[in-house]
Protein chains: 2
Amino acid sequence: MNRLCVHTITTKPLSIEQIAEAYPRAGVSGITVWRDALEGRDVAATGRMLREAGLDVVSLCRGGFFPHTDAAARKLAIEDNLRAIEEAEALGAPMIVLVCGAAAGQPLETSRKQIAEGIAAIEPYAKAAGVRLAIEPLHPMYADTRSAINTLAQANDLAQQLNSPFVGVAVDVYHLWWDPALHQEINRCGSNGKLFAFHICDWRVPTRDLLLDRALMGEGCIPVKQIRQWVEATGFKGYHEVEIFSTEYWAGDQLVFLDKIKRAYLDHC
Amino acid sequence: MNRLCVHTITTKPLSIEQIAEAYPRAGVSGITVWRDALEGRDVAATGRMLREAGLDVVSLCRGGFFPHTDAAARKLAIEDNLRAIEEAEALGAPMIVLVCGAAAGQPLETSRKQIAEGIAAIEPYAKAAGVRLAIEPLHPMYADTRSAINTLAQANDLAQQLNSPFVGVAVDVYHLWWDPALHQEINRCGSNGKLFAFHICDWRVPTRDLLLDRALMGEGCIPVKQIRQWVEATGFKGYHEVEIFSTEYWAGDQLVFLDKIKRAYLDHC
């Protein structure tokens with residue numbers, strides 16, 4: 001349980017104040033904070049509250065969304081990422097997860113170029129703040145608007161190209177489980193210190209919604225345990241972060257859901 | 001228009017007899033027949049009807065679905081594929097599209113092995129019947145149950161491994177548009193005579209359903225024209241096959257829809 005981290009979005013109906021009580025009580029050790037959970041709060045005070053509750057702040061989620069068809073919007077995106085770096089520093093989060101973005105109105109290659117430029121632009125600020133940036137490849141079904149980075153090979157290539165100790169990748173089983181090159185690419189980022197984060201959940205069969213129907217580990221068809229073994233065989237010592245978007249689970253009692261997460265984590269990860 | 005082919009599933013509410021009138025009237029030159037459209041018909045007579053209506057029978061859709069956790073089910077799948085080969089021969093279709101299948105209850109690697117074994121088992125019968133087999137890689141969002149072959153690289157590897165002039169690949173823009181290796185892999189199958197079929201439609205933004213929300217060319221974010229240029233630069237001379245599953249379009253007038261398909265084809269492909 002000392003490697004179990006939960007993303008605030010997973011228990012979206014709970015406020016961060018409720019979470020600060022509920023997660024430690026459920027035996028959760030780490031927390032990844034989504035920016036919406038900080039809205040209207042003093043960020044530094046919230047970080048202290050979480051640490052005083054015994055939680056390790058694993059990362060801030062999320063930066064990114066760099067590609068846009070017009071330059072002004074790209075500039076605003078950079079500024080928003082700089083704010084995210086400030087928030088991470090204030091919160092005491094050592095890492096930001098990057099959901100890189102995509103613009104449906106332009107070629108994927110253009111979006112990919114803009115992502116590389118965007119990360120290069122914010123890297124010096126991340127470095128100065130001591131905040132690492134984790135490029136998260138997203139499932140190809142999100143290539144229209146959420147991310148033009150859709151395989152771990154692409155994320156690894158990008159991290160390699162950017163060549164900074166502050167830029168690495170996040171491996172999320174939901175996005176990557178189908179990829180025949182997954183084991184090989186986990187070895188690649190793991191062996192060169194670029195594997196920054198590991199996210200878990202499951203793929204429901206059948207999946208009823210493209211975004212909000214993620215399942216608990218063990219409920220779907222992803223070999224979570226197998227992928228965890230690949231990740232840890234590279235020497236990864238970080239958290240196992242549970243990130244579930246689910247209309248169904250959000251509709252239920254979140255404390256019961258946290259117990260289910262704990263059970264699923266112990267049984268299937 | 002002499003390279004425009006439509007899949008019967010695209011106008012699912014029409015019977016094959018209605019299709020035999022409607023497609024030529026709309027200027028459609030080729031037809032890919034889904035097996036459900038043949039139910040209760042004399043297959044050879046249906047083939048004659050289509051040809052007499054001026055339609056070129058491009059392929060029979062679909063064989064495949066080889067992986068299963070139990071051996072008896074795998075044997076039944078092979079038998080069903082042999083029936084599909086007989087149907088294709090009777091219909092006068094020179095090709096069968098293979099949607100390879102996947103079994104959520106076993107590792108993807110196992111499903112992939114069973115797919116290779118399945119195609120190897122039916123290849124001699126396809127050869128004897130003069131029917132080509134086109135492996136269609138499906139979008140990774142279908143890796144749970146519809147296909148464990150999810151990139152063109154995988155399909156090309158498999159076709160190469162099976163090493164038969166009767167085994168090649170089908171390129172469908174819907175499944176493959178996101179792949180950074182797409183151009184390279186189109187060149188690979190195109191240059192060695194393995195590019196058997198080219199399917200078109202578009203990716204709606206946002207997509208509201210994982211299966212039944214395909215869009216008309218030009219309505220979404222797929223660079224259909226660009227991909228067609230890549231395909232034809234390899235020397236591909238086959239049909240441009242419109243394959244759309246859409247609850248929305250199926251609910252409307254199918255003759256109006258055929259006119260829209262023609263317009264979209266001329267403007268965006």
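Residues numbered from 1 in each chain as written. Chains lettered and ligands numbered in written order. Predicted model: local features only at pLDDT ≥ 70, side-chain atom pairs only at ≥ 80, totals over all residues. Heavy atoms only, no water.

Engineer: Help me understand the UniProt feature "domain: Xylose isomerase-like TIM barrel" (unreviewed entry) in chain A, please; the structure alone is not making it clear to me.
Structural biologist: When the UniProt feature table is mapped to this numbering, "domain: Xylose isomerase-like TIM barrel" (unreviewed entry) covers residues 26–260 of chain A. Secondary structure within residues 26–260 of chain A divides into 42% helix and 18% strand; the distance between the first and last C-alpha atoms comes to 10 Å. (UniProt positions renumbered as here; feature names shortened; annotations may be inferred. Helix = DSSP H or I, 4+ residues; strand = E, 2+ residues; numbered from the N terminus.)

Engineer: In this structure, what is going on with the interface of chain B and chain A? I would like to understand it.
Structural biologist: The parts lose accessible area when they come together, and the size of an interface is often stated as this lost area. Taken together, the contact between chain B and chain A spans 24 residues of the former and 24 residues of the latter. Of the roughly 1800 Å² buried between chain B and chain A on both sides combined, carbon and sulfur atoms contribute 75%. When residues of chain B are sorted by the area they lose upon contact with chain A, Asp144, Trp178 and Leu210 of chain B head the list and together hold 28% of the total. The tally of links between chain B and chain A comes to zero salt bridges. (Contact = heavy atoms within 4.5 Å. Buried area = accessible area lost by both parts, 1.4 Å probe. Salt bridge = Lys/Arg side-chain N within 4 Å of Asp/Glu carboxyl O.)

Engineer: What's the story with the relation of the copies chain B and chain A in this structure? I'm lost.
Structural biologist: Both copies of the chain are placed relative to one another by a rotation about an axis and a shift along it. Of the two same-sequence chains, chain B is brought onto chain A (RMSD 0.0 Å, axial shift 0.0 Å) by a rotation of 180°. The transformation just described matches what one would write down for a two-fold rotation axis. In this assembly the copies share their binding face: 100% of the residues contributing to the interface of chain B also contribute to that of chain A. (Least-squares fit on C-alpha atoms with pLDDT ≥ 70 in both.)

Engineer: Before we go on, may I ask you to explain the packing of aromatic side chains in this structure?
Structural biologist: Working definition: an aromatic ring pair is given by the centre-to-centre distance plus the angle between the planes. All names here are of chain B. Enumeration over the complete set of coordinates arrives at eleven aromatic pairs over all chains. On the basis of an interplanar angle of 45° and a centroid distance of 6.2 Å, the ring pair of Trp177 and Trp203 is categorised as tilted. Linking Trp177 in the loop between α6 (173–176) and α7 (182–191) with Trp203 in strand β8 (residues 202–203), this pair joins segments that are 26 residues apart in sequence. Exposure class is identical for Trp177 and Trp203. Each is buried. Positioned above the aromatic ring of Tyr174 is the side chain of Arg214, whose terminal nitrogen or guanidinium carbon lies 4.4 Å from the ring centre. (Phe/Tyr/Trp six-rings, centres within 6.5 Å; stacked < 30°, edge-to-face > 60°. Buried < 20%, exposed > 50% of the residue type's maximum accessible area, 1.4 Å probe, protein only. Lys NZ or Arg CZ within 6 Å of the ring centre and 35° of its normal.)

Engineer: Looking at this structure, I do not really get the sheet that holds strand β1 (residues 4–7) of chain B. What am I missing?
Structural biologist: Strands belonging to one sheet form pairs held by backbone hydrogen bonds; the direction of such a pair is parallel or antiparallel. All names here are of chain B. Spatial strand order, β1-β2-β3-β4-β5-β6-β7-β10: eight strands in a closed barrel with parallel pairing. Taking each pair of neighbouring strands and ignoring which way they run, the sheet shows an average axis angle of 30°. Sheet analysis places strand β4 (residues 95–99) next to strand β5 (residues 132–135), joined by four bridges and oriented parallel. If you follow Ile96 over to β5, its bridge partner there is Leu133. (Pairing = 2+ DSSP bridges. Axes fitted to C-alpha atoms, helices over the stretch in contact; angles between N-to-C directions.)

Engineer: What is the right way to look at the environment of Lys194 of chain A in this model?
Structural biologist: All names here are of chain A. With respect to the helices, strands and loops of the structure, Lys194 is situated in the loop between α7 (182–191) and β7 (195–200). We classify Lys194 as buried; its relative accessible area is 14%. For Lys194 and Val131, which are 63 residues apart along the polypeptide, the C-alpha to C-alpha distance reads 14 Å. When residues no more than four places from it in sequence are discounted, the contact partners of Lys194 are Ala159, Ser164, Pro165, Val167, Gly168, Val169 and Cys189.

Engineer: Looking at this structure, I do not really get the packing of helix α3 (residues 71–91) of chain B against helix α4 (residues 108–129) of chain B. What am I missing?
Structural biologist: Angle between the axes and distance between the axes: these two values describe a pair of packed helices. Residue and element names in this part refer to chain B. Between α3 and α4, the shortest axis-to-axis distance is 10 Å and the interhelical angle comes to 30°. When the axis of α3 is compared with that of α4, the two are roughly parallel. Classified by chirality, the crossing of α4 by α3 is right-handed. Between α3 and α4, the residues in contact are Arg74, Ile78, Asn81, Leu82, Ile85 and Glu89 and Gln114, Gly118, Ala121, Ile122, Tyr125, Ala126 and Ala129, respectively. Here the residues of the contact of α3 with α4 are counted per class, giving eight nonpolar, three polar and two charged. (Parallel < 35°, antiparallel > 145°, perpendicular 65-115°, else oblique. Left-handed = near helix turned anticlockwise from the far one by under 90°. Nonpolar A, V, L, I, M, F, W, Y, C, P; charged D, E, K, R; others polar.)

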